[in-house]
Amino acid sequence: MVDTFRGNGSPIAKGGAEAWNGQLAHTPVICYARLDPGRDRRLDRTGITVAAHLRPGVDDEFGAISTTILSSIDAHCVDRLRRQIQQSAHPYAIEIMEHALESATGACMVPDLARQIGRTTRTLQRRCTILGIPSPKRLLALARIFTVQRLAEWSGQPYGSVSLALGFSDRSNYRRLVRGVFGKSPTELEWCGGHEYVAEAILKSVG
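This one's a predicted model, so the numbers in the text were calculated from it and none came from an experiment.

1. Structural notes on the packing of helix H5 (residues 91-103) against helix H7 (residues 121-131)
Closest axis-to-axis distance for the H5/H7 pair is 10 Å, and the angle between their directions is 130°. As the angle between them shows, H5 and H7 are arranged oblique. Between H5 and H7 lies a crossing of left-handed hand. On H7, the residues touching Tyr92, Ala93 and Ile96 of H5 are Leu124, Arg127, Cys128 and Leu131. Its residues assigned to classes, the contact of H5 with H7 shows six nonpolar, no polar and one charged.

In structure tokens, the structure reads:
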């Protein structure tokens, strides 16, 4: 947690050397405050990346905090994939993958995804068929695998431990998911390029 402003809203001129020399440029900062676009722009000018917001009195539950932290880790990697999707995919496919990636830090079913998008499950499935993209279930699976692999690579922790932290009930469930989608084990997936390999699969699926 970095206090970058004094009470009057001015950036700290002294004692915040890390912010001023760019060391925080690649550190995703979670802002716990009321939404303030002006403050975000001032932070951006100091080289600080605001990855997410937690609103006082709204996002105070541990579940919301944990989800926000997990979503903000290595945020540049996810943002890069999002930009690539936006450049090549249909707007509706972009919307689906945006929500799938946002939900990928925890267990999410197709009805949950449809509800987030504001559609019925049947409408969501039909729209994917019309666009010629994979089913919502497969898109969710790709997002989950991408998230587990990138966080495992980022943290240096075993993919099995990371999968448990992201809501899989057992390590074997994650192995089965990877095997079902890619026909490989998570270790073999890592040999093929890990999260970058999965990102390419996502781009081919929705592009």
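That was the structure; now back to the text.
2. Some remarks on the environment of Ser161
Secondary-structure assignment places Ser161 in helix H9 (residues 159-165). Relative accessible area serves as the criterion here: at 30%, Ser161 is assigned to the partly exposed category. Counting along the chain gives 13 residues from Ser161 to Val148, while the straight-line C-alpha distance between them is 9.5 Å. A polar contact is formed between the side chain of Ser161 and the side chain of Arg171, at a distance of 3.4 Å.

3. Regarding the confidence of the model for the protein
With 84% of its residues at a pLDDT of at least 70, the protein reaches an overall mean of 83. Taken together, the stretch residues 11-15 has pLDDT below 50 and engages in nine contacts with residues farther than four places along the chain or on a different chain.

4. Some words on the nonpolar core
Ile85, Ile96, Met97 and Phe146 are the most contacted members of the largest nonpolar core, which has 46 residues in total. Counting only elements with at least two residues in this core, the list comes to helix H4 (75-88), H5, helix H6 (110-117), H7, helix H8 (136-155), helix H10 (171-182) and helix H12 (195-206). Here Ile85 is in contact with Ile94, Met97, Leu101, Ile202, Leu203 and Val206, once residues within four sequence places are set aside.

5. Re the packing of aromatic side chains
All told, the structure shown has three aromatic pairs when counted by the stated rule. Ring centres of Phe168 and Tyr174 lie 5.3 Å apart, and the angle between their planes is 75°; on these two criteria the pair is classed as edge-to-face. With relative accessibility at 13%, the residue Phe168 sits in the buried group. Of the residues examined, Tyr174 reaches a relative accessible area of 0% and is grouped as buried.

6. Considerations on the side chain of Ser103
Secondary-structure assignment places Ser103 in helix H5. At a separation of 2.9 Å, a polar atom in the side chain of Ser103 contacts the main-chain carbonyl oxygen of His99. Once residues within four sequence positions are removed from consideration, Ser103 is found in contact with Cys108 and Gln116.

7. Topic: a positive patch on the surface
On the surface, Arg119, Arg122, Arg126 and Arg127 cluster together into a patch of positive charge. When you line up the elements, Arg119 lands in the loop between H6 and H7. We classify Arg119 as partly exposed; its relative accessible area is 33%.

About the cut-offs
- Residues numbered from 1 in each chain as written.
- Predicted model: local features only at pLDDT ≥ 70, side-chain atom pairs only at ≥ 80, totals over all residues.
- Heavy atoms only, no water.
- Axes fitted to C-alpha atoms, helices over the stretch in contact; angles between N-to-C directions.
- Helix = DSSP H or I, 4+ residues; strand = E, 2+ residues; numbered from the N terminus.
- Parallel < 35°, antiparallel > 145°, perpendicular 65-115°, else oblique.
- Left-handed = near helix turned anticlockwise from the far one by under 90°.
- Contact = heavy atoms within 4.5 Å.
- Nonpolar A, V, L, I, M, F, W, Y, C, P; charged D, E, K, R; others polar.
- Buried < 20%, exposed > 50% of the residue type's maximum accessible area, 1.4 Å probe, protein only.
- Polar contact = N/O pair within 3.5 Å; in protein donor to acceptor, adjacent residues only side chain to side chain.
- pLDDT = per-residue confidence, 0-100.
- Core = buried A, V, L, I, M, F, W, Y, C linked by side-chain atoms within 4.5 Å.
- Phe/Tyr/Trp six-rings, centres within 6.5 Å; stacked < 30°, edge-to-face > 60°.
- Patch = residues over 30% accessible without salt bridge, like charges linked within 9 Å, V, L, I, M, F, W, Y side chains within 5 Å.
- Areas by Shrake-Rupley, 256 points an atom, 1.4 Å probe, with all protein chains shown as cover.
- Salt bridge = Lys/Arg side-chain N within 4 Å of Asp/Glu carboxyl O.
- Lys, Arg positive; Asp, Glu negative; His and termini not counted.
- Charge placed at Lys NZ, Arg CZ, Asp CG, Glu CD.

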